[in-house]
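If you want the building blocks of each chain, they are given just below.
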Amino acid sequence: MAANGSEIVLSKQELREVTAFAAACAEMALVIFEADQPDDSRPRDAVAAAWEFARGGERGKSLRDTASAALKAAKSADTEAARDAAWAAMSAAGAAYLHPLAKATQVKHILGAGAYAARAAELAAGEDRSVASEQLERAARHATPVVVDVLRRFPAAPGGGGRVGELIRRLDAGLRSLAFTE
């Protein structure tokens with residue numbers, strides 16, 4: 001839980017589970033980026049680095065470098081959908097760096113990949129909001145009890161952030177309401 005009222009204790013295994021969740025979410029959007037930029041592997045490399053950490057690898061240069069490269073790939077994308085798909089990949093690699101600060105802004109590190117992937121799918125479908133809702137439901141199915149527990153330690157997602165911010169808040173509310181039975 002919270003230490004000193006402003007810090008959240010996170011184990012490496014919890015960070016790995018959050019990163020696995022983010023990688024699974026981002027993976028759903030890779031096809032959108034690759035349809036726009038078929039010769040650019042940077043977002044896929046970022047998701048692969050996130051999976052490597054999630055499966056026991058170290059948190060280090062590879063994650064940082066691939067996240068930065070995915071960000072650059074987003075800037076070179078020809079469509080808004082591809083840009084958001086690359087942002088999902090960047091967010092997956094960045095999830096490993098979730099800060100243990102009890103601030104609502106940290107929720108984006110947990111849920112950003114899912115929200116960006118949902119927005120990318122929505123845009124690729126001609127702004128069909130039902131597609132984003134379907135993507136958020138798929139993302140929620142990837143959330144383990146550990147991911148939901150970590151999320152609940154942070155304040156609810158903050159306002160703002162445009163459509164992606166709205167999707168983060170929807171995913172946040174949906175995951176916080178999940179009840180897992182043991």
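The coordinates are above.
Rules behind the numbers
- Residues numbered from 1 in each chain as written.
- Predicted model: local features only at pLDDT ≥ 70, side-chain atom pairs only at ≥ 80, totals over all residues.
- Heavy atoms only, no water.
- Salt bridge = Lys/Arg side-chain N within 4 Å of Asp/Glu carboxyl O.
- Helix = DSSP H or I, 4+ residues; strand = E, 2+ residues; numbered from the N terminus.
- Buried < 20%, exposed > 50% of the residue type's maximum accessible area, 1.4 Å probe, protein only.
- Expected span 1.5 Å × (residues − 1).
- Arc of directions from axis to C-beta.
- Contact = heavy atoms within 4.5 Å.

> How should I be thinking about the pattern of salt bridges in this particular structure?
Working definition: two side chains of opposite charge can pair if their charged atoms are close together. Under the defined criterion, the tally for this structure stands at 15 salt bridges. Glu80 serves as the salt-bridge partner of Arg83, at 3.9 Å between the closest nitrogen and oxygen. Here Arg83 and its partner Glu80 are both found in helix H5 (residues 80-94), 3 residues apart, which amounts to about one turn of the helix. Judged by its relative accessible area of 40%, Glu80 is partly exposed. Residue Arg163 is joined to Glu166 by a salt bridge in which the shortest nitrogen-to-oxygen separation is 2.6 Å. Of this pair, Arg163 and Glu166 both sit in helix H9 (residues 162-176), 3 residues apart, roughly one helical turn. A relative accessible area of 12% means that Arg163 is categorised as buried. The exposure class assigned to Glu166 is partly exposed, which follows from its relative accessible area of 30%. A single salt-bridge network, built from bridges that share partners, covers Glu80, Arg83, Asp84, Arg119, Glu122, Glu127, Arg129, Arg163 and Glu166.

> What exactly am I supposed to notice about helix H4 (residues 61-76) here?
Given 3.6 residues to a turn, an α-helix orients residues that are three or four positions apart in the same direction. The end-to-end C-alpha distance of H4, which contains 16 residues, comes to 23 Å, matching closely the 22 Å that a straight helix rising 1.5 Å per residue would cover. If you check which residues of H4 are buried, you get Leu63, Thr66, Ala67, Ala70, Ala73 and Ala74. For H4, the angular spread of buried residues about the axis comes to 115 degrees, placing them on one side. Across H4 from its buried face, at more than 90 degrees, point the exposed residues Lys61, Lys72 and Lys75. Contact partners of the buried residues in H4: helix H2 (30-36), helix H3 (42-54) and H5.

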